[in-house]
Amino acid sequence: MPLPLIADGFVSSLPGDPDTRNVPRQVRGACYSKITPHGFPHARLLCYSREMGEELGLSPATLGEELFIQVFSGSRLLDGMRPYAACYGGHQFGHWAGQLGDGRALTLGEVRGKSQANWELQLKGAGPTPYSRGADGYAVLRSSLREFICSEAMHALKVPTTRALSLIATGEPVNRDMFYNGQSKDEPGAVICRVAPSFLRFGNFEIHAARNETAILKQLADYCIAQHFPQLDRAADDLYARWFETICRQSACLIVEWLRVGFVHGVMNTDNMSILSLTLDYGPYGWLEPYDPNWTPNTTDAEGRRYAFGRQAQIGWWNLLQLGNALYPLVRATEPLEAALASYERTFENEWLRMMQAKLGLKDAQAGDAALIAQLPPLLHGAQLDFTLFFRHLATVGATPLQELPTWLHDISYAPSLGAKALELWHWLQRYQERLRQESTSAATRAAAMNAVNPLYVPRNYLLQLAIDAAEQGQLNKLLELHETFKNPYTEQANKAHLAAKRPEWARHKAGCSMLSCSS
Ligand code: AMP
Ligand code: MG
């Protein structure tokens, strides 16, 4: 299987762990530990991404073959692969957690893609590493399927994300206590191969700062900048401050994109924040169904709601503050760090307004738009409207005055009836239509532009759970259907109405269909 492997810069440029024992421990003075994956003799391919394979130079024939399964389940290494697990730390739920690291992930190597981009190939769930702490290093099928589907769906939604190449069943059981109630059971195991220009997280920098390893911190920062931030002048005096500011601005743009599509990450710990501002580590994530800024899909977060939909921008700022603290030894002044954090806020505000104007089809920006937009979330919340379907249907409203409230508004509500909210929605629609009449674009052009930013198909948790239930019984049709449909989330597809439906009532409280635990 020809893979254009390139010299692995991370391993050759940065200090590694001299200790080669694969046992849980503190790894000091190193950015990674080398690992030899053991593989799974009974591995079986469940799904792959043709598009990702193509970019990596893998032909469709190669994608299903035995060697592919062996390599991407960790049973066999290709020439040039030098697998490693990265060392990182992180702030989890607001508290410094010390060393975390790739406890069940390992990078196989880097590949030069057809687009000339460099891609890191990483297995998740292939077995323990020195960073596994008390855990086993494996992953269950349900969480792996969720990461596989959502990574590729996010890419198609045009939200920056890590990608996924393959989903492989290991053929071996993994024991999990899914509800944290002492009732653990064996579940099918799986490995995904995920792909990104880099999996570096805020936590990769935080760990060296926390350990006063300033020389390594600088080495890692220099490596990261040289590889992934070519736009920065590496000779500039304020290089690290400018780098941090770039990360701040890119992070703001990422979170605006999450808010555009109604995505809730669910575990925005600093070890899950990508330095490249990609959506990273798909765990108990979710998609807004009834609009509620306070909604979190993560059962562990149900009490504090730290990672709820409407708090993501604020948490992004807090996480960047932690990264800024970690980079202080390189910047050696607080002012530029504070200025960068302020640019996060500015970028977020500007981009959020632009994004909302686009969702509403407002092309010729006006001063009153912010007020019109601000009136909408409380209405969506009060009327319990489905976030995705509301914005998708909005393109059908147009500027011609309505005679009555459109019936679709009743259909997309999770409330038994709209009640008094109907009148409020009616008034808002009147104001919205009035505003549309001041637009210069044609109704058809506007509807097309709105449909290009308001998706119809998103990986709702209940849809994923149905695919998981079937896959666990050996039925892959639902998984494959989701994978195919989510490739074109903005285009209405024949016979796919069931994938664009609001969450059915039976799914409201069923495990995995709305909220999820972190167990994976
Ligand atoms: P997460 O909550 O998935 O972002 O994981 C937080 C940390 O726990 C990371 O260091 C993971 O590598 C580690 N981790 C999570 N699950 C496992 C597992 N089953 N085995 C080993 N490490 C794990
Ligand atoms: Mg993680």
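Residues numbered from 1 in each chain as written. Chains lettered and ligands numbered in written order. Predicted model: local features only at pLDDT ≥ 70, side-chain atom pairs only at ≥ 80, totals over all residues. Heavy atoms only, no water.

S.K.: Could you give an account of the side chain of Ser151, naming the residues involved and the relevant values?
M.R.: By secondary structure assignment, the location of Ser151 is in helix α5 (residues 141–156). For Ser151, a relative accessible area of 0% puts it in the buried group. (Helix = DSSP H or I, 4+ residues; strand = E, 2+ residues; numbered from the N terminus. Buried < 20%, exposed > 50% of the residue type's maximum accessible area, 1.4 Å probe, protein only.)

S.K.: How would you sum up the environment of Gln433? Please name residues and give values.
M.R.: Mapped onto the fold, Gln433 is located in helix α15 (residues 421–436). Along the primary structure Gln433 and Gly283 are separated by 150 residues, whereas in three dimensions their C-alpha atoms are 40 Å apart. Not counting residues up to four positions away in its chain, the partners in contact with Gln433 are Val397, Gly398, Ala399, Thr400, Pro401 and Leu402. A polar side-chain atom of Gln433 sits 2.7 Å from the main-chain carbonyl oxygen of Gly398. (Contact = heavy atoms within 4.5 Å. Polar contact = N/O pair within 3.5 Å; in protein donor to acceptor, adjacent residues only side chain to side chain.)

S.K.: Residue-level account of the coordination of the magnesium ion (ligand 2), with values.
M.R.: Surrounding the magnesium ion (ligand 2) are the protein donor atoms Asn272 (OD1) and Asp281 (OD), which sit 2.0 to 2.2 Å from the metal. The exposure class assigned to Asn272 is buried, which follows from its relative accessible area of 10%. Owing to a relative accessible area of 12%, Asp281 belongs among the buried residues under this scheme. (Donors = N, O, S within 2.8 Å, 3.2 Å for Na, K, Ca; no water.)

S.K.: Go over the domain arrangement of the protein chain, please, and point to the residues and values.
M.R.: On domain assignment, one finds that the protein chain holds domain 1 (5–198), domain 2 (203–358) and domain 3 (385–520). The interface of domain 2 with domain 3 comprises 21 residues on the first partner and 23 residues on the second. For the pair domain 2 and domain 3, the summed buried area comes to about 1,800 Å², and 59% of that belongs to carbon and sulfur atoms. It is Arg260, Trp287 and Glu289 that lose the most area in domain 2 upon contact with domain 3, and together they represent 35% of the buried surface on that side. Summed over the shared surface of domain 2 and domain 3, the number is two salt bridges. Note that Glu289 is salt-bridged to Arg460, the shortest N-O span being 3.2 Å. Elements with a contribution of two residues or more to the side of domain 2 that touches domain 3: α8 (239–261), β12 (286–287) and α10 (335–360). Broken down by element, the residue count for the side of domain 2 that touches domain 3 peaks at three residues, all from α8. (Domains from an automatic or database assignment. Buried area = accessible area lost by both parts, 1.4 Å probe. Salt bridge = Lys/Arg side-chain N within 4 Å of Asp/Glu carboxyl O.)

S.K.: Got a sec to walk through helix α6 (residues 202–210)? Specific residues and values, please.
M.R.: For α6, the tally of buried residues reaches seven of nine residues, placing the bulk of the element in the interior. Within α6, the full set of buried residues consists of Phe202, Gly203, Asn204, Phe205, Glu206, Ile207 and His208. Elements that come into contact with the buried residues of α6 comprise β4 (84–86), β5 (89–92), β6 (95–99), α7 (214–228), α8 and α9 (312–331). At the exit of α6 stands Asn212, carrying a positive phi of roughly 55°.

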